[in-house]
Amino acid sequence: QWEGKHPEPKSRVDERKVLATVKLAAPVCSLLEFKLECTPSTKISYVVDRIVDRHGGSISDLSVCVNRFHPEEVIIGRDKTLEQCGVFGGECIIYYDFVPRAGALLQ
């Protein structure tokens, strides 16, 4: 019955879609808000890289939370996936906060 037949290989591509709204925790600033299309297997490090890109590389020490911002819920492991943070598809909000880097404007 199974002779010569192979099971369908599991796709390595995550077909599930997540639309993440990435926003600064405080102060509320719609200019720093953006949408990010990703999947539940997207790593937090990828999201952090996109946030830093949006700020022109001028920020560091990011704190990231998924769906609500609370100091006790800051995601420490950057290699965690959205799925490990409770996002399995649909929409989510990723909040971030940061320590500004000293630069020309802050001296």
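Worth saying up front: this structure is predicted, and the values here are computed from it rather than measured.

Basis of the calculations
Residues numbered from 1 in each chain as written. Predicted model: local features only at pLDDT ≥ 70, side-chain atom pairs only at ≥ 80, totals over all residues. Heavy atoms only, no water. Helix = DSSP H or I, 4+ residues; strand = E, 2+ residues; numbered from the N terminus. Buried < 20%, exposed > 50% of the residue type's maximum accessible area, 1.4 Å probe, protein only. Polar contact = N/O pair within 3.5 Å; in protein donor to acceptor, adjacent residues only side chain to side chain. Contact = heavy atoms within 4.5 Å. Salt bridge = Lys/Arg side-chain N within 4 Å of Asp/Glu carboxyl O.

Peer 1: Let's hear about the side chain of Asp14: which residues, and what values?
Peer 2: Its place among the elements puts Asp14 in the segment before strand E1 (18-24). Asp14 gets classed as buried once you look at its relative accessible area, which sits at 16%. Here Arg16 takes part through its side chain, which lies 2.9 Å from a polar atom of the side chain of Asp14. There is a polar contact of 2.9 Å between the side chain of Asp14 and the side chain of Ser41. With sequence-adjacent residues up to four places away left out, Asp14 is seen in contact with Thr39, Pro40 and Ser41.

Peer 1: If you had to explain the pattern of salt bridges to someone new, which residues and values would you point to?
Peer 2: In total, this model carries 5 salt bridges according to the counting rule given. Salt-bridge contacts for Glu33 lead to Lys23; the nearest nitrogen and oxygen are separated by 3.7 Å. Note that Glu33 is positioned in the loop between E1 and strand E2 (34-38) and Lys23 in strand E1, a separation of 10 residues in sequence. Taking relative accessible area as the criterion, Glu33 reaches 32% and is therefore assigned partly exposed.

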